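Each chain, letter by letter, is given below.
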Amino acid sequence: MTTSNTSTRKAAVIGAGQAGITAALGLLDAGFVVTVYSERDQRALRDSVPATGTALIFGEAQAAEEALGLPTYLDRAPLHSGLTVRVAGGGEELIDFDGAFDGFHGLAVDTRLKADERLTTFLERGGRFVVDTVTPERLDPIAADNDLTLVATGRGGLSGLFEIDETRTVYDAPQRSLLTVTVTGLGYDESVFAHRSPAGGGRSGFSIVAEQGEGWWGPYLHKDAGPSWAFLGWARPGSDWEKRFAAADSAESAHRIVTDLYRDYLDWDLPEVLATEVIAEDPHSWLKGAVRPVFRRGAGHTAGGHPVAALGDTAVAYDPIAGQGAQSGLIQAQRLVTAAAAHEGPFDTAWITAQYEAFLEFRAEDAAKVTRLFLSDPEFAEIGNQFFAAAAADPRFASALVSTLHRPQAAHSVNSVADAHELIAAVTGEDAATVLGRFRPAGRFSRSQYSTAATTA
Ligand SMILES: Cc1cc2nc3c(=O)[nH]c(=O)nc-3n(C[C@H](O)[C@H](O)[C@H](O)COP(=O)(O)OP(=O)(O)OC[C@H]3O[C@@H](n4cnc5c(N)ncnc54)[C@H](O)[C@@H]3O)c2cc1C
């Protein structure tokens, strides 16, 4: 259905995760009459499910929220000032660097908290909220009754309405098994993870064990416990870590598995991990699973032929290793709202497709590329080797490399080792060979001397 009368335009958003509710609030503020359809009521969205993911976001995604007039949580969440990285493999401790974020902070807000607070604002401003599990049959009359219908039901839900884009989808299966758990017990001062960076608990920390997978710790804002820490682990198919992750069945067991993992494989960070405690009031403070990275088509159609637009994880699903999913959904939501507010014609298949293609070009394709780089995808393995060695040799390049999580577009033109060398030279102002010539293997990572007596949680 279409109308060009801007004062009466109607929009429906299916799914009240952070992408859906952010777009709904934006459309409401842009003058649309907006209805959000959710399979769960507000209380259940907050308290009966785990967070969809860690949802660490950086400067560009925060700018998208600001552009919609929404709070960024910069004043509430513990901030990340950079990322420290350690790479081990073949029994060797190989690469060690500390990358400062260049002009922005990272922050990870519980997706349940953000969606809940945005839903409250949406209702206060006159938005309509309907608790209904929308089926493809039910979607048809909804799309018929609205000028614009956004489908933001996550990776499952109604995503099957949108055809997989085989030209952009490179994996036929998940590349890692995931385990995450949120905990308390650690503060953010310089004594926490001091062996990784003088910035201590202001950094998040990433460790790669080539044969097993990756582990990450970072400051987090939990819906009940407030400032806390999140662990996120990736296990390679067939690895010991994969077996361990599969055994998690509660927050307590996930926490135990992570503690044992650090004792057995990542002992340099063990004292901090031993200081952490499960969040007793939230039985959903953990999650396991796997994500197949998938690009879908931006426009789908209901049985009656009404066009609907995919948003957030419904449109593009990323492995979380480079923290792109939540960021992508927020930026896509802001772009869609801005374009819809300015558009006077129908929100037809051509309009939806044009917005989506522009978004893929603007960010999503580069976000997927950086994700592949951090996943050690064989196609990017040699580029990754050069980048990580340059980061270890030069703090300017370390900063540039970790800042690709915020602006993945920096990797757009890097498709070969020669391109990688060009970027290293552009960032450092030195010949890449000179920078790489300074690289020395780590030898042995410094071990944590952290003691709980030295900090407060
Ligand atoms: C382990 C892990 C870690 C992650 N870490 C990061 C990170 O650090 N940084 C980052 O940017 N991204 C990260 N991500 C990705 C990020 O969490 C997701 O991209 C983001 O939260 C998805 O939001 P969404 O609103 O698109 O979908 P969802 O949060 O899945 O919301 C979809 C909503 O739709 C509802 N729904 C489903 N079906 C229906 C239906 N038929 N009718 C009505 N409602 C329906 C669901 O109940 C849900 O509320 C991570 C993901 C994982 C798995």
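Residues numbered from 1 in each chain as written. Predicted model: local features only at pLDDT ≥ 70, side-chain atom pairs only at ≥ 80, totals over all residues. Heavy atoms only, no water.

Here Q386 lies in helix α11 (residues 381-393). In terms of polar contacts, Q386 uses its side chain to reach the side chain of E382, at 2.8 Å. In this view, Q386 contacts V417, H421, I424 and L436; residues no more than four positions away in its chain are not counted. (Helix = DSSP H or I, 4+ residues; strand = E, 2+ residues; numbered from the N terminus. Polar contact = N/O pair within 3.5 Å; in protein donor to acceptor, adjacent residues only side chain to side chain. Contact = heavy atoms within 4.5 Å.)

Bringing the sheet that holds strand β17 (residues 307-310) into the picture now. Each strand in a sheet pairs with its neighbour through backbone hydrogen bonds, running either in the same direction (parallel) or in the opposite one (antiparallel). If you trace the six strands from one edge of the open sheet to the other, you get β7-β2-β1-β8-β17-β16, paired in mixed fashion. With one partner strand each, in any of the chains shown, β7 (128-131) and β16 (299-301) form the two edges of the open sheet. Taking each pair of neighbouring strands and ignoring which way they run, the sheet shows an average axis angle of 25°. As defined by bridge partners, strand β8 (residues 148-151) adjoins β17 across two bridges and the pair is classed as parallel. (Pairing = 2+ DSSP bridges. Axes fitted to C-alpha atoms, helices over the stretch in contact; angles between N-to-C directions.)

The terminal C-alpha atoms of α11 lie 18 Å apart, and with 13 residues this matches the ideal 18 Å at 1.5 Å per residue to within 8%. Buried within α11 are the following residues: I383, G384, Q386, F387, F388, A389, A390, A391 and A393. (Expected span 1.5 Å × (residues − 1). Buried < 20%, exposed > 50% of the residue type's maximum accessible area, 1.4 Å probe, protein only.)

When you line up the elements, Y73 lands in the loop between α3 (59-67) and β4 (82-89). C-alpha separation for the pair Y73 and R40, spaced 33 residues apart in sequence, amounts to 25 Å. Leaving out residues up to four positions away in the same chain, Y73 has contacts with L107, V109, L113, K114, E117, R118 and L221. Engagement of the side chain of Y73 in a polar contact is seen with the side chain of E117, the distance being 2.7 Å.

Once that is clear, we can look at the site of the ligand. Close contacts around the ligand come from 32 residues, with E39, T52, L56, D313 and A326 the closest. Backbone polar atom of L56 to a nitrogen atom of the ligand: 2.8 Å apart, as the coordinates give it. A distance of 2.5 Å separates an oxygen atom of the ligand from a polar atom in the side chain of D313. Protein chains shield 91% of the accessible area of the ligand, which is 1000 Å² for the free molecule. Mapped by element, the contributors of at least two residues to the shell around the ligand are α1 (18-29), β2 (33-38) and α9 (325-342). Classifying every residue of the shell around the ligand by side-chain character gives 11 nonpolar, 17 polar and four charged. (Near = heavy atom within 4 Å. Areas by Shrake-Rupley, 256 points an atom, 1.4 Å probe, with all protein chains shown as cover. Nonpolar A, V, L, I, M, F, W, Y, C, P; charged D, E, K, R; others polar.)

So, about α9. Look at α9: 26 Å from first C-alpha to last across 18 residues, which is about the 26 Å you get at 1.5 Å a residue. Of all 18 residues in α9, 14 are buried; the element is thus mostly enclosed.

The next thing to look at is the UniProt feature "domain: Styrene monooxygenase StyA putative substrate binding" (unreviewed entry) in the protein. With numbering matched to this structure, UniProt assigns "domain: Styrene monooxygenase StyA putative substrate binding" (unreviewed entry) to residues 154-267. Note that residues 154-267 is 18% helix and 31% strand, and that its end C-alpha atoms are spaced 36 Å apart. (UniProt positions renumbered as here; feature names shortened; annotations may be inferred.)

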